[in-house]
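Here are the chains, one letter per residue:
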Amino acid sequence: MSTSLINWFKFASPASFYPMAGRLVPWFSAAALLLAAAGLWVGLAIAPTDAQQGEGYRIIFVHVPASWMSMFIYCVMAFWSALGLSFNTRLSGMMTSALAPTGALFAFLSLWTGSLWGKPMWGAWWVWDARLTSQLILFFLYLGFIALQAAIDDPRRADKAGAILALVGVVNVPIIYFSVQWWNTLHQGASVSMTKAPSMAHTMLAGMLLMALAFWAYTIAMALIRVRCIILERELTSEWVKKNAME
Amino acid sequence: MLSVSHLTCQRGERVLFRDLSFALPASQWLQVAGSNGAGKTSLLRILAGLSEPAEGQVTWKGRRLREDRAAFHADLLYLGHQGALKEELTPLENLTLGLGMEGFSPGEEAAAEALGRFGLQGREQLPTRYLSAGQRRRVLLCRLMLRPAPLWILDEPFTALDVHAVGVLSRLIERHLASGGSAVLTSHQAMPLPPGLSVTL
Amino acid sequence: MNGAFAPFRQAVRRDLLLAARHKTEVITALFFFVIVVNLLPLGIGPDQDLLRKIAPGALWIGALLATLLGLQRLFAPDHQDGTLEQMALSPQPFTLLIAGKIMAHWLVSGLPVVMVAPLLGVQFDLPGRSLAILTLSLLLGTPILSLIGAVGAALTLGVRGSGVLLSLLILPLYIPALIFGAGAVEADLAGLGIEGHFSLLGALLLACIVFAPWVTTVALRVALE
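Since the structure is predicted, the reported quantities are computational estimates derived from the model, not experimental observations.

What about the overall build of chain A?
Then, in step 1: Helix and strand content of chain A: eight helices and zero strands.
Then, in step 2: Among the 247 residues that make up chain A, the fraction classed as buried is 44%.
Then, in step 3: Long-range pairs, those at least 24 residues apart, make up 78% of the contacts in chain A with a sequence separation of at least 6.

Structural data, given as structure tokens:
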């Protein structure tokens, strides 16, 4: 029983996490590339042309997984934040700040592809659709998190303040989503709803899942690379960095 | 009794002090000495429970500070570097409102009397902005007379005081120690107090 | 009542006294609200129908911005002069003291906005019933703005460029209050009934009263460390 506990805390210390992360990065990077290639092949070559939307719909193979990831990453950040605040572990704060840029990237990607998709579908680059609007707000929340951490010099305070903000944000995301939807129904006719997706073919679902897995692997690889940089930055003076990491 | 064991304080990447241990019994005072930037104020802030040490722990009456914050803070009187004085309020308002937020209501008369003992009579109703640095410091020190607490933590209490005020303050501290209280002080000068414990950072 | 809420009342009393010595600041925030709302017709044009339509949104956005203006000074002066440290070291519950400060902030910056709102609504030619609904929505909504804003003010306390950062953090969180508050008038004009909007606004306010002072306290302790 005690061995599992010890292992946990062993990897929670930056000194032992650093080399482990280094070993994992190539695997996840390779997985991201392979999965993305497979997903794009399924999405662009195999999936049938949509009867109503023609070829333009194929952007969903990037758009939908990116939206999923952007929401999922925010939840993961909140999870690390809760862990960091309650157990005062250093690594969790580093993980949160390592994930934020990737989350912001996916939120932006989702907005961008959504807008590209919207032009042929709705005839406008931007529509005040409930999902699109909520996604935009999620993007703002990511930016706020990154800006807050960048503005605080003391890393310990930056971690804690960021953690509080991430938790406040994660409580608010559903409220914001609900309120935007409410607002949207009040102004019916002003927008087209995206909620009624056409029934999906199996190949489409497979393509989307492959892409989601690719993004997942990419996120893990990027977070690990970034966490390694953060660990080096913060522990520059400690003995183990001088001994091992500087080789 | 205040006791400190294996305390390590880190500011950014710099370790200010390491493995510091001491105990301060009742009726004793402790001088924290050290050059500028040695971590005197950081130590006081840890002792007061404002910041967390990187390692080690502080206990008051055998209990860790975090366990019962309210009970510890009821026993603690902390005077920091900054004045905690509002320029736009009068010394009297500063004292009564400040103590009011800590749950004490000494009354205007007691507050005015304390101000008088520090030589501030006639200035009770003047906005604090018109007082000199030494006078502001004296307004703060009036809290020592108005708010009973067994543990005093004072950061540089003797700075900017004139001879008369130094006398009043040292008598106050002596009386506090005689009645079973304890005090932690930082200072650059020698202090006009009976010999006490000392820690050098 | 006297015992448990004494620190809360003490903090309110102190901040109100301070505000009374700083009357210009209070008046500036109110004047800012009035001028922002008055600039909108100048930017959009004097079309009465259009103005009547945008009035609730315009007043609500004005209220958001006016609240933000005061938030930057909610904790900063007390942080600078050490008062916040003394409050954190007070044997009284820190959360109650902070709740008192937030209450004082609302009394000084939110309540005046609510009181001049009907006057500005008249400028936009809002009918009497809409005017009443708008004012009521602001009365319920502006405390939410102060409460959520306090969390942001605590997080950005003593940080470089805290003013701009505060807006970036807080404005997205204001969206639900804005939607339910400004939406109430439109819902009424559309004949949809306002109960839904008001009960959601009330629920939001209750949740904020329970959680915001506590989260603010946690953030302030981090800032004081």
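Things to note about the sheet that holds strand E1 (residues 2-11) of chain B
Residue and element names in this part refer to chain B.
Then, in step 1: Spatial strand order, E2-E1-E4-E5: four strands in an open sheet with antiparallel pairing. Strand pairing shows two members of the sheet lacking a second neighbour, strand E2 (14-24) and strand E5 (63-64), which therefore form its edges.
Then, in step 2: One ladder, built from five bridges, connects E1 with strand E4 (residues 55-60); its direction is antiparallel. Note on E4: the bridge partner recorded for Val4 is Val58.
Then, in step 3: Packing against the sheet, helix H1 (residues 40-47) makes contact with E1, E2 and E4, and its axis sits at approximately 125 degrees to E1.

Here's the deal with the pattern of salt bridges
Then, in step 1: Here the structure, examined in full by the defined rule, presents 24 salt bridges over all chains.
Then, in step 2: In this structure, the salt-bridge partner of B:Asp75 is B:Lys61, at a minimum N-O distance of 2.8 Å. A residue pair is termed long-range when its members are at least 10 positions apart, and B:Asp75 in helix H2 (residues 69-75) and B:Lys61 in the loop between E4 and E5 qualify at 14 residues.
Then, in step 3: For B:Asp75, a relative accessible area of 15% translates into the label buried.
Then, in step 4: One connected set of salt bridges, linked through shared partners, spans B:Lys86, C:Arg14, C:Asp15, C:Asp78, C:Asp81 and C:Lys101.

Some thoughts on the nonpolar core
Then, in step 1: In terms of nonpolar packing, the biggest core is built from 138 residues, with B:Leu47, B:Ile153, B:Val184 and C:Phe75 touching the most fellow members.
Then, in step 2: With 13 residues, helix H7 (residues 128-155) of chain C is the single largest residue contributor to this core.
Then, in step 3: Those residues in contact with C:Phe75, other than ones at most four positions away along the chain, are C:Leu84, C:Ile98, C:Lys101, C:Ala150, C:Ala153, C:Ala154, C:Leu157, C:Thr216 and C:Leu220.
Then, in step 4: Counting residues in hydrophobic clusters, the runner-up holds 34 residues, among them B:Cys142, B:Leu177, B:Ala183 and B:Leu193.

Section: the interface of chain C and chain B
Then, in step 1: Taken together, the contacts link 27 residues of chain C with 29 residues of chain B.
Then, in step 2: With both sides pooled, the region where chain C packs onto chain B buries about 2500 Å², and carbon together with sulfur makes up 57% of that total.
Then, in step 3: The largest share of the area that chain C buries against chain B comes from C:Gln86, C:Leu89 and C:Pro91, three residues that together contribute 27% of it.
Then, in step 4: One can count four salt bridges joining chain C with chain B.
Then, in step 5: Here B:Arg45 ties to C:Glu85 by a salt bridge, and the two come within 2.5 Å at their closest N and O atoms.
Then, in step 6: The interface formed by chain C and chain B contains eleven residue pairs in polar contact (both at pLDDT 80 or more).
Then, in step 7: Broken down by secondary-structure element, the contributors of at least two residues to the side of chain C that touches chain B are helix H1 (6-21), helix H4 (76-80), helix H5 (83-88) and helix H10 (195-224) of chain C.

Topic: the confidence of the model for chain B
Residue and element names in this part refer to chain B.
Then, in step 1: Looking at chain B as a whole, the pLDDT averages 86, with 100% of positions reaching at least 70.
Then, in step 2: Here strand E9 (residues 197-200) stands out as the element of chain B with the lowest mean pLDDT, 82, in contrast to strand E7 (residues 151-155), whose mean of 91 is the highest.
Then, in step 3: Predicted complex, confidence summary: ipTM 0.88, pTM 0.88.

Digging into the side chain of A:Ser110
Then, in step 1: The residue A:Ser110 is located in helix H4 (residues 90-122) in this model.
Then, in step 2: Other than its neighbours up to four places away in sequence, A:Ser110 contacts A:His63, A:Ala66, A:Ser67 and A:Gln135.

Some words on the environment of C:Gly191
Then, in step 1: By secondary structure assignment, the location of C:Gly191 is in the loop between helix H9 (175-189) and H10.
Then, in step 2: In the structure, C:Gly191 is positioned 101 residues away from C:Ser90 in sequence and 52 Å away in space, judged by C-alpha atoms.

Cut-offs applied
- Residues numbered from 1 in each chain as written.
- Chains lettered and ligands numbered in written order.
- Predicted model: local features only at pLDDT ≥ 70, side-chain atom pairs only at ≥ 80, totals over all residues.
- Heavy atoms only, no water.
- Helix = DSSP H or I, 4+ residues; strand = E, 2+ residues; numbered from the N terminus.
- Buried < 20%, exposed > 50% of the residue type's maximum accessible area, 1.4 Å probe, protein only.
- Contact = heavy atoms within 4.5 Å.
- Pairing = 2+ DSSP bridges.
- Axes fitted to C-alpha atoms, helices over the stretch in contact; angles between N-to-C directions.
- Salt bridge = Lys/Arg side-chain N within 4 Å of Asp/Glu carboxyl O.
- Core = buried A, V, L, I, M, F, W, Y, C linked by side-chain atoms within 4.5 Å.
- Buried area = accessible area lost by both parts, 1.4 Å probe.
- Polar contact = N/O pair within 3.5 Å; in protein donor to acceptor, adjacent residues only side chain to side chain.
- pLDDT = per-residue confidence, 0-100.

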